[in-house]
Amino acid sequence: MLTFTFRRLLLAIPTLVLISLIIFLLLDLAPGDPLANQPLSIPPEVRQKMRDALGLDAPAYIRYLLWAKQFFWVEPLVFVDWVIGTNFSEGMQRIVSWQFRSPVFDIIIQRIPQTLWVVGLAYLVGVLIALPIGIISAYKQYSWFDQIGTFVSMIGFSVPPFFSGVLMIVFFAIMLPWFPSIYDTTLVVNDFESFGQQIRQMTLPVMVLALQTTAQLSRFMRASMLDNLNHDYVRTARAKGMTEKVVLLVHVLRNSMIPVVTVIALGVPSIFGGAIITEQIFKVNGLGQLLITAIYANDLPMVQTLAFIFAVLIVLCNLIADVLYGLLDPRIRYD
Amino acid sequence: MTDTPLEPVAKDTSARSQWWDVWDQFKTHKGALFGAAVFLFIVLAVTLGPLVWTIEPTFIDIRARNSGPSLAHPFGTDQLGRDIMARMMAGGQVSIAVGLTAMAISVLLGTLIGVVSGFFRRLDGVLMGLTDLFLALPLLPLLLVMVMLFRETLSRSFGPEMGTFILIVSAIGITSWMQTARIVRGEVLALKEREFVLAARSIGTPSRRMILRHILPNVLSPIMVSATLGIATAIITESALSFLGLGFPPDFPTWGRLLFDAIDYLQQYPERVFWPGLAISLTVLSVNYIGDGLRDALDPRIRGR
């Protein structure tokens, strides 16, 4: 198992290098000029000096290597400095955003809490709702509960977040003014009242995102339970006189969770990347919204770094899912 | 004699192809039948509707702006007095065309890569590596970047509407073929071990004819299912791009664009968001149900039960 993990980790490195190269080459075709929003009164020779200072005229491979050095060497050093208070990274050039004129990672660190709070919580809520629904739907297959569950998850699949989000705003923010439609990031939670306000402003985006997660996961959970319910060991457990509760929640559930856990792990990257639209609707200034504004503003270092971080998350979660699968299911051995 | 007389074997002796069986099974799936009807209705309304409802979707009647539902404008008019029903039809044509074309591209690519990597062992490693690489890419961000980067260039050479259409369709196509490729590869790998393939090989069938005559017809069912579901994904992706403001130009309506434009008037006219959103959701829902029914109908283990 350990060798498998190491081998997969080693294999992930060329994949990630290739992905970063693909993202870089794609962005390299961008027609935009980062100096386009500088005043026209800057004389051409000064403008040229600015271009040289930003390294814009260097050949593509040098710019790529520079970015790679900054991403893989300078930024970790900055992180180490920040944690233990050394100054290894002094004088080193960090990845600087063209629109904010400050290091990309500082801005990302500012945005991560909002994304984690809203989207992460939504994922958690979705998982917690989906699992019981899946279990009951499978146990009472073709019952009215199952039919409704199927229908609701079909709707969750089909109604895109930009429509369900807007519908929620129309119903719960305009017609019934219960919840605010805009997420207020400046809210400081220091007493019960502001905590209540925080809960209220998180409700709508969490509901929209949780609906999507629930739709997918509950179907998966149901299918996995149904697969297991017909196995011989279930009949044996019943024949031994186990109560239905034990049969269902101990024997069947544990075996059905194996594929479901990996699916849950595979969905984690979408917490960061896939919530772009929901963040845009509710004006949550998280990572997804940061990416959108960076794309609009032609802020290439920011887009490159964010897209690469998303890719790292996807590759890592794939790896975790594979390892989990091997750990949970003794029938699967990679070595 | 206690033997019961044998039932007369199928009175209908006319040629009965596999597709009749598929249709018989499909008919028993209520949801799929209903979905097919709804989808057909939407397609007809969108294509034939403009022949009946002859108001131009771009016709501006500024004096009738922001009017509610009436006989002259059943869905009302927008902030420039354009008829929303006409715009919904025009938008639907684009959205469905994008969905069908993008699905065709992604299914073609996926089938090609899946069949080739399943059939030719030498290429398997490379192509599956490519598939895994594409699966690891953050797709929505990359789609946004692609649209942002190439919109200008393509608009200049093909005109703003056609250029955006080509761009969006191909961008969606080349970022959504991976699932099809994986499924098809798995099926091909299993088929390759079957006796009829061995028989065909032993009489010296060349690879090309082997793929076209023996392999492809047998992997048709998973391809059809993933094609159906591909339409739904493509429509949602196009609407998402339009919704983020990176789709078609503003005067060129699609359902996603109409929804995006209606958001500015969410407080005054919330019903305007409803129609395009409902159209997208209904289309996707019906297509998903069709896919569900098709999956059951094409599975010979379920069929005839």
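Scope of this entry: the structure provided in the associated data block. (Residues numbered from 1 in each chain as written. Chains lettered and ligands numbered in written order. Predicted model: local features only at pLDDT ≥ 70, side-chain atom pairs only at ≥ 80, totals over all residues. Heavy atoms only, no water.)

1. Overview of the overall build of chain B
Broken down by element type, chain B carries 12 helices and zero strands. Going from the N terminus to the C terminus, chain B shows its helices and strands as α-α-α-α-α-α-α-α-α-α-α-α. By the burial criterion, 48% of the 305 residues in chain B qualify as buried. Counting contacts in chain B only where the partners sit at least 6 residues apart, residues at least 24 apart contribute 69% of the total. (Helix = DSSP H or I, 4+ residues; strand = E, 2+ residues; numbered from the N terminus. Buried < 20%, exposed > 50% of the residue type's maximum accessible area, 1.4 Å probe, protein only. Contact = heavy atoms within 4.5 Å.)

2. Some details on the overall build of chain A
When helices and strands are tallied, chain A shows 12 helices and zero strands. Across chain A, helices and strands are ordered from the amino to the carboxyl terminus as α-α-α-α-α-α-α-α-α-α-α-α. Taking the principal axes of its C-alpha atoms as reference, chain A extends roughly 85 × 60 × 40 Å. Of all 335 residues assigned to chain A, the portion counted as buried reaches 44%. Residue pairs in contact within chain A that sit at least 24 positions apart in sequence constitute 69% of those at least 6 positions apart. Of the roughly 17700 Å² of accessible surface on chain A, a fraction of 69% belongs to carbon and sulfur atoms. Side-chain charges of chain A comprise 22 positive and 21 negative groups, with the mean position of each set lying 9 Å from the other. (Areas by Shrake-Rupley, 256 points an atom, 1.4 Å probe, with all protein chains shown as cover. Lys, Arg positive; Asp, Glu negative; His and termini not counted. Charge placed at Lys NZ, Arg CZ, Asp CG, Glu CD.)

3. Some words on the interface of chain A and chain B
Contacts between the two partners involve 38 residues from chain A, matched on the other side by 37 residues from chain B. Together, the buried faces of chain A and chain B total about 3300 Å²; carbon and sulfur atoms form 86% of this surface. Interface area lost by chain A to chain B is led by M154, F162 and F163 of chain A, which between them contribute 19%. Scanning the region where chain A abuts chain B turns up zero salt bridges. Taken together, the links from chain A to chain B amount to two residue pairs in polar contact (both at pLDDT 80 or more). Elements supplying a minimum of two residues to the side of chain A that touches chain B: α1 (2–28), α5 (144–158), α6 (161–175), α10 (276–282), α11 (287–296) and α12 (300–328) of chain A. Broken down by class, the residue content of the side of chain A that touches chain B amounts to 35 nonpolar, three polar and no charged. (Buried area = accessible area lost by both parts, 1.4 Å probe. Salt bridge = Lys/Arg side-chain N within 4 Å of Asp/Glu carboxyl O. Polar contact = N/O pair within 3.5 Å; in protein donor to acceptor, adjacent residues only side chain to side chain. Nonpolar A, V, L, I, M, F, W, Y, C, P; charged D, E, K, R; others polar.)

4. Quick word on the side chain of D146 of chain A
All names here are of chain A. With respect to the secondary-structure elements, D146 resides in helix α5. By relative accessible area, which is 2% here, D146 ends up buried. Excluding its chain neighbours within four sequence positions, the residues that come into contact with D146 are S137, K140, Q141, R219 and R222.

5. Details of the packing of aromatic side chains
All names here are of chain A. Overall, the coordinates contain 19 aromatic pairs over all chains when judged by the stated rule. Judged by centre distance (6.0 Å) and plane angle (25°), the ring pair of F172 and W178 falls under stacked. Grouped by ring-pair contacts, the aromatic residues F24, Y64, W67, F71, F72, F105 and F308 constitute a single cluster. (Phe/Tyr/Trp six-rings, centres within 6.5 Å; stacked < 30°, edge-to-face > 60°.)

6. Digging into a nonpolar patch on the surface
All names here are of chain A. Residues F79, V80, W82, V83, I84 and F88 make up a contiguous nonpolar surface patch of about 700 Å² in total accessible area. Position of I84 among the secondary structure elements: in helix α3 (residues 60–84). Here I84 falls in the exposed class, since its relative accessible area comes to 60%. (Patch = residues over 30% accessible without salt bridge, like charges linked within 9 Å, V, L, I, M, F, W, Y side chains within 5 Å.)

7. Regarding the environment of L216 of chain B
All names here are of chain B. In this structure, L216 sits in the loop between α9 (207–215) and α10 (220–243). C-alpha of L216 to C-alpha of T111: the two residues are 105 residues apart in sequence and 9.0 Å apart in space. Leaving out residues up to four positions away in the same chain, L216 has contacts with T111, V115, I211 and I223.

8. Digging into the pattern of salt bridges
Residue and element names in this part refer to chain B. Going through the model one piece at a time under the given rule, you end up with 10 salt bridges over all chains. A salt bridge links R295 to D292, with the nearest nitrogen and oxygen atoms 3.8 Å apart. Taken together, the positions of R295 and D292, both in helix α12 (residues 271–298) and three residues apart, correspond to about one turn of that helix. The partly exposed category is assigned to R295, whose relative accessible area is 43%. When its relative accessible area of 27% is taken as the criterion, D292 is described as partly exposed.

9. Observations regarding helix α6 (residues 160–174) of chain B
Its 15 residues give α6 of chain B an end-to-end C-alpha distance of 21 Å, which sits within 8% of 21 Å, the value for a rise of 1.5 Å per residue. Against α3 (84–119), α5 (139–158) and α10 of chain B lie the buried residues of α6 of chain B. (Expected span 1.5 Å × (residues − 1).)

10. Brief notes about the nonpolar core
Residues I19, F162, M225 and I277 of chain A together with V98 and W255 of chain B are the most contacted members of the largest nonpolar core, which totals 148 residues. It is helix α4 (residues 104–139) of chain A that contributes the most residues to this core, 13 residues altogether. Excluding residues within four positions of it along the chain, I19 of chain A makes contact with A311 and V315 of chain A together with L133, A136 and L137 of chain B. (Core = buried A, V, L, I, M, F, W, Y, C linked by side-chain atoms within 4.5 Å.)

11. Re the side chain of T237 of chain B
Looking at the element boundaries, T237 of chain B is found in helix α10. For T237 of chain B, a relative accessible area of 16% puts it in the buried group.

12. Focus on helix α1 (residues 18–28) of chain B
Residues and elements named next belong to chain B. Those residues of α1 that sit buried are V22, Q25 and F26. The buried residues of α1 occupy one face: seen down the axis, they fall within an arc of 105°. Looking at the buried residues of α1, the elements they touch are α2 (30–52) and α12. (Arc of directions from axis to C-beta.)

13. Description of the packing of α11 of chain A against α5 of chain B
The interhelical angle for the contact between α11 of chain A and α5 of chain B, taken along N-to-C directions, is 15°, at an axis separation of 10 Å. Judged by the inter-axis angle, α11 of chain A sits roughly parallel to α5 of chain B. In terms of crossing hand, the pair formed by α11 of chain A and α5 of chain B is right-handed. Taken together, the residues of α5 of chain B that come into contact with α11 of chain A (itself represented by L291, I292, I295 and Y296 of chain A) are P141, L144, V145 and M148 of chain B. (Axes fitted to C-alpha atoms, helices over the stretch in contact; angles between N-to-C directions. Parallel < 35°, antiparallel > 145°, perpendicular 65-115°, else oblique. Left-handed = near helix turned anticlockwise from the far one by under 90°.)

14. Observations concerning the environment of L328 of chain A
Residue and element names in this part refer to chain A. Tracing the sequence through the fold places L328 in helix α12. Considering only alpha carbons, one finds L328 and R254, 74 residues apart in sequence, at a separation of 9.4 Å. Not counting the four nearest positions on each side in its chain, L328 is found in contact with I258 and V261.

15. Some remarks on unusual backbone geometry
All names here are of chain A. Backbone geometry at Y142 places phi at a positive 65°, although glycine is not the residue there. Summarising the element assignment, Y142 is placed in the loop between α4 and α5. Phi angles above zero are rare outside glycine, and K283 is one such case at about 55°. Relative to the helices and strands, K283 resides in the loop between α10 and α11. Overall, the relative accessible area of 44% leaves K283 in the partly exposed class.

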